[in-house]
Amino acid sequence: MEELRFECQPGCITCCDRYGYVYLTEDDLRRISAFLGMTEAAFEAKYIYRTKNQVRMRKPRKSECHFLLKRADGTGGCTVHSVKPVQCRTYPYWPELIEHREVWEHEATRCPGINKGEKLIQIGTALEIAEEMKSAYPWSYSWR
Ligand code: SF4
Ligand code: SF4
């Protein structure tokens, strides 16, 4: 691949509403708790599940993420958008999605912003963003 096209679609919440976990870095945890006006300890007690290597959001009962706003018309957004976790900010430029065209095209069936918009992203730029994913979640990429 030499270049990619992507433009997040207004009101779309497909990726936030998809089954899966939202993992955080320690920096994500600090930024989001500050944004919410909470101490890190209070934020962690309320929203975080931590294991030896991983920090992830707990899930609320009827949603995939505590910070996902879902409107009755099916649109919505992220209520911590300006400080959202690395995995949310870098999607869809994840290593596993951009390394092969067929994987990218398959992801386009799940994300309506892929292959949309005028802006072309050079593969070098996308790979730099993907490196941020590898640094943020090394346990997830250690096998690659
Ligand atoms: S699924 Fe794609 S278009 Fe929709 S919110 Fe996520 S990144 Fe944006
Ligand atoms: S933190 Fe925001 S962008 Fe990330 S999954 Fe939750 S609602 Fe979506």
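Here, every reference points to the structure presented above.
Rules of the game
Residues numbered from 1 in each chain as written. Chains lettered and ligands numbered in written order. Predicted model: local features only at pLDDT ≥ 70, side-chain atom pairs only at ≥ 80, totals over all residues. Helix = DSSP H or I, 4+ residues; strand = E, 2+ residues; numbered from the N terminus. Rg over C-alpha atoms; globule rule 2.2 N^0.38 Å. Buried ≥ 20, exposed ≤ 12 C-beta atoms within 10 Å, placed from the backbone. Contact = placed C-beta atoms within 7 Å. Axes fitted to C-alpha atoms, helices over the stretch in contact; angles between N-to-C directions. Parallel < 35°, antiparallel > 145°, perpendicular 65-115°, else oblique. Nonpolar A, V, L, I, M, F, W, Y, C, P; charged D, E, K, R; others polar. Near = placed C-beta within 6 Å.

Student: Just checking my understanding: could you explain the overall build of the protein chain for this structure?
Tutor: A count of helices and strands for the protein chain gives seven helices and six strands. Along the protein chain, helices and strands appear, N-terminal first, in the series β-α-α-β-β-β-β-α-α-α-β-α-α. Since a compact globule built from 144 residues should have a radius of gyration of about 15 Å, the 16 Å found for the protein chain is in line with a globular shape. C-alpha extents for the protein chain along the principal axes are approximately 45 × 40 × 25 Å. In the protein chain, which comprises 144 residues, the proportion classed as buried is 17%. Intrachain contacts of the protein chain at a sequence separation of at least 6 include 69% that bridge at least 24 residues.

Student: How should the packing of helix H1 (residues 26–35) against helix H2 (residues 40–47) be read in this particular structure?
Tutor: A pair of packed helices is characterised by two quantities: the angle between their axes and the separation of those axes. Where H1 contacts H2, the two axes come as close as 9 Å, and the packing angle between them is 100°. The pairing of H1 with H2 is recorded here as roughly perpendicular in orientation. Contacts between H1 and H2 involve Leu-29, Arg-30, Ile-32 and Ser-33 from the first element and Glu-40, Phe-43 and Glu-44 from the second. Here the residues of the contact of H1 with H2 are counted per class, giving three nonpolar, one polar and three charged.

Student: I would appreciate a short explanation of unusual backbone geometry in the present structure.
Tutor: Leaving glycine aside, a negative phi is the common case for residues, and trans is the common case for peptide bonds. In the segment running from Tyr-91 into Pro-92, the intervening peptide bond is cis, with an omega of 5°. Considering the arrangement of structural elements, one finds Pro-92 in the loop between helix H3 (86–90) and helix H4 (95–98). Of note in this structure, Asn-115 is not a glycine but carries a positive phi near 70°.

Student: Help me out: how do you make sense of the site of ligand 1 in this one?
Tutor: In the region of ligand 1, the neighbouring residues are Cys-8, Gln-9, Cys-12, Ile-13, Thr-14, Cys-15, Tyr-91, Pro-92, Cys-111, Pro-112 and Gly-113. For the shell around ligand 1, a count of residues per class yields eight nonpolar, three polar and no charged.

These values are about where atoms sit, not about what they do.
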